[in-house]
Amino acid sequence: MPHYRTIGEIPPKRHTQFRQPDGSLYAEELMGEEGFSFDSALLYHRNPPTALKAIEAVETEDQETTPNHPLRPRHFRTHHLKAGGNAVMARSVLLANEDATISYFVGSDSSDLYKNATGDEMVFIEQGSGTLETVFGALRFEPGDYLLIPASTIHRYELDPSDEPVRALILETRGHIGPPRRYLSRNGQLLEHAPYCERDLHAPMSPLLREGDNVEVLVKHRGGMTRFIHEHHPFDVVGWDGCLYPHKLSIHDFEPITGRVHQPPPVHQTFEAPGVVVCSFVPRLFDYHPLAIPAPYNHSNVDSDEVLFYVDGDFMSRKGAGIEKGSVSLHPGGHTHGPQPGSVEASIGKGGTEELAVMIDTFRPLDLGPGARDSQDDGYAWTWLEGR
Ligand SMILES: [Fe+2]
């Protein structure tokens with residue numbers, strides 16, 4: 001996240017004396033990625049962020065994954081998963097590999113404080129609203145928002161009261177999530193041909209300044225989940241600056257790139273992380289060559305597994321495949337996929353699409369988690385047969 005921001009109070013020069021009204025020093029914290037060689041932020045706490053009173057192991061539900069064997073394309077109906085719990089502890093793992101974990105959350109509870117020490121998180125809000133409270137400040141969220149939460153950022157979810165649960169697709173990466181490099185200038189500014197720009201990225205606007213003692217923070221790490229009991233509330237930051245902070249982008253601010261003939265999926269790319277790309281398929285005009293075929297061609301993804309999360313719209317190329325709102329399809333490497341029978345002809349002459357979908361491609365094969373096993377549509381592999 002290269003865009004420099006600052007909020008709250010900070011001293012004019014880093015690593016210099018910055019005193020509280022009572023004369024004591026604020027506690028400066030450098031939060032930096034890749035050692036001291038990548039994006040970082042400086043945060044100024046009222047109390048030392050290092051003071052822990054207790055450390056406890058936390059038991060978590062086993063989310064065992066199994067290989068996609070025998071190899072097959074798959075369809076998961078996430079709206080068939082049971083609702084309950086909060087967005088930290090009640091995630092159903094759908095798919096996972098060494099680089100990424102893709103989970104689904106449906107529930108109505110606000111969460112405890114949490115940080116993911118294993119990597120960044122991208123949370124796509126399908127339904128519901130609330131506030132993401134973080135050590136950097138708060139971010140409101142609503143349907144269509146991508147919340148981008150850097151590794152080790154302490155945060156929690158405060159959900160708005162509603163009759164409907166919050167639904168979210170969650171991507172955890174082992175590396176850091178950012179804009180595609182090809183859209184960035186040498187110094188990190190989003191270029192003119194990028195489908196979104198800095199104005200579309202929203203960050204916290206003011207510090208939270210919470211107070212409290214003996215505050216629990218759940219820490220996800222390679223060994224499992226641990227609970228830290230902080231002596232002071234970690235949201236005691238009076239100001240911060242830098243290029244590392246949680247932020248959000250609405251999928252509705254992603255400006256689609258279109259062409260006379262079918263544009264390949266990279267034009268929809270929104271983010272990247274090591275071994276992973278994220279694309280946004282948004283309402284757009286279809287191809288305008290007089291003989292254009294708007295439906296995608298059949299496709300062998302030689303080096304990737306493709307995951308598509310169907311959010312809203314008509315899902316033109318999947319007619320007859322049982323795809324519904326909240327569906328997730330997995331088209332693995334080694335399998336040739338394409339539009340279902342009849343949808344190529346049906347697409348000709350159409351002026352546009354209202355589809356809204358999020359695609360996550362991984363360059364290593366994905367294993368299946370319990371959320372996939374619990375929501376699988378067993379007939380999906382045969383939906384490309386004529387006259388089925
Ligand atoms: Fe594809």
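Refer to the structure presented above.
Just so it is clear, the structure is predicted and the values come from calculations on it, not from any experiment. (Residues numbered from 1 in each chain as written. Predicted model: local features only at pLDDT ≥ 70, side-chain atom pairs only at ≥ 80, totals over all residues. Heavy atoms only, no water.)

Draft legend 1. How the structure looks around the pairing of strand β10 (residues 130-134). With five of five residues buried, β10 lies mostly within the body of the structure. Every second residue of β10 is oriented toward a common face, with Gly130, Leu132 and Thr134 on one face and Thr131 and Glu133 on the other, all of them buried. Pairing geometry for β10 and strand β11 (residues 137-141), over five bridges, is antiparallel. Bridge pairing links Glu133 to Ala138 in β11. Hairpin geometry of β10 and β11 is characterised by an intervening segment of two residues between the two adjacent antiparallel strands. (Buried < 20%, exposed > 50% of the residue type's maximum accessible area, 1.4 Å probe, protein only. Helix = DSSP H or I, 4+ residues; strand = E, 2+ residues; numbered from the N terminus. Pairing = 2+ DSSP bridges.)

Draft legend 2. Quick look at the coordination of the iron ion. Surrounding the iron ion are the protein donor atoms His299 (ND1), Glu306 (OE), Glu306 (OE) and His337 (NE2), which sit 2.2 to 2.6 Å from the metal. Geometry at the iron ion is irregular, judged from the four donor atoms that bind it and their angles of 53 to 134° at the metal. Sequence positions of the donors to the iron ion reduce to the motif H-x6-E-x30-H. Assessed through its relative accessible area of 25%, His299 is described here as partly exposed. (Donors = N, O, S within 2.8 Å, 3.2 Å for Na, K, Ca; no water. Tetrahedral: all angles 85-135°; square planar, octahedral: opposite > 155°, others 65-115°.)

Draft legend 3. Here's a closer look at a nonpolar patch on the surface. Side chains of Ile293, Val344 and Ile348 sit close together on the surface and give an oily, nonpolar patch of about 220 Å² of accessible area. Looking at the element boundaries, Val344 is found in helix α1 (residues 343-347). (Patch = residues over 30% accessible without salt bridge, like charges linked within 9 Å, V, L, I, M, F, W, Y side chains within 5 Å. Areas by Shrake-Rupley, 256 points an atom, 1.4 Å probe, with all protein chains shown as cover. Salt bridge = Lys/Arg side-chain N within 4 Å of Asp/Glu carboxyl O.)

Draft legend 4. Structural detail: the nonpolar core. Of all hydrophobic cores here, the largest spans 40 residues; its most connected members are Leu95, Tyr146, Phe271, Val358 and Ile360. Residue contributions to this core peak at four residues, all from strand β7 (residues 100-107). Among all residues touching Ile360, those that are not within four sequence positions of it are Ile102, Leu169, Leu171, Val276, Val277, Val278, Asp305, Glu306 and Val307. (Core = buried A, V, L, I, M, F, W, Y, C linked by side-chain atoms within 4.5 Å. Contact = heavy atoms within 4.5 Å.)

Draft legend 5. Spotlight on the packing of aromatic side chains. A complete count under the given rule lists twelve aromatic pairs for this structure. Taking the centre distance of 5.2 Å and the plane angle of 85° together, the rings of Tyr146 and Phe271 count as edge-to-face. In this pair, Tyr146 is assigned in strand β12 (residues 145-149) and Phe271 in strand β20 (residues 269-273), connecting sequence segments 125 residues apart. Arranged with centres 5.1 Å apart and planes meeting at 70°, the rings of Tyr380 and Trp384 form a pair that is edge-to-face. By relative accessible area, which is 21% here, Trp384 ends up partly exposed. Ring-pair connections join several aromatic residues into one group, and the members of that group are Tyr104, Phe124, Tyr146, Tyr196, Phe254, Phe271 and Phe309. Across the ring face of Tyr183, the terminal group of Arg182 is positioned such that the distance to the ring centre comes to 4.7 Å. (Phe/Tyr/Trp six-rings, centres within 6.5 Å; stacked < 30°, edge-to-face > 60°. Lys NZ or Arg CZ within 6 Å of the ring centre and 35° of its normal.)

Draft legend 6. Quick look at the sheet that holds strand β21 (residues 276-281). The strand order across the open sheet built from six strands is β5-β25-β24-β28-β21-β20, with neighbouring strands paired in antiparallel fashion. Since the sheet does not close on itself, it has two edges, and those belong to β5 (74-77) and β20, each with one partner. If you compare each strand with its neighbour and ignore which way they point, the axes differ by 15° on average. Note: strand β24 (residues 305-312) against strand β25 (residues 327-331), four bridges, orientation antiparallel. In the strand pairing of β25, Val307 is matched with Leu330. (Axes fitted to C-alpha atoms, helices over the stretch in contact; angles between N-to-C directions.)

Draft legend 7. Seen up close, the sheet that holds strand β18 (residues 237-242). With respect to topology, four strands assemble into an open sheet ordered β1-β18-β3-β2, the strand pairing being antiparallel. Since the sheet does not close on itself, it has two edges, and those belong to β1 (5-8) and β2 (27-32), each with one partner. This sheet shows a mean twist of 15° between the axes of neighbouring strands, independent of strand direction. Inspection of the sheet shows β2 paired to strand β3 (residues 40-45) by six bridges, in the antiparallel sense. Bridge pairing in β3 links Glu29 to Leu43.

Draft legend 8. Expanded view of the pattern of salt bridges. For the structure shown, the criterion picks out 17 salt bridges. One salt bridge connects Arg210 with Glu133, and the closest N-O pair in it is separated by 2.9 Å. Of this pair, Arg210 sits in the loop between β15 (201-202) and β16 (213-221) while Glu133 sits in strand β10; the two residues are 77 residues apart in sequence, bridging distant segments of the chain. Classification of Glu133 by relative accessible area gives buried; the value is 8%. Of the charged contacts in the structure, one is a salt bridge between Glu216 and Arg227, with a shortest N-O distance of 3.3 Å. Placement of Glu216 in strand β16 and of Arg227 in strand β17 (residues 224-232) is noted, with a sequence separation of eleven residues between them. One continuous salt-bridge network, built from bridges that share partners, spans Arg91, Glu121, Glu172 and Lys220.

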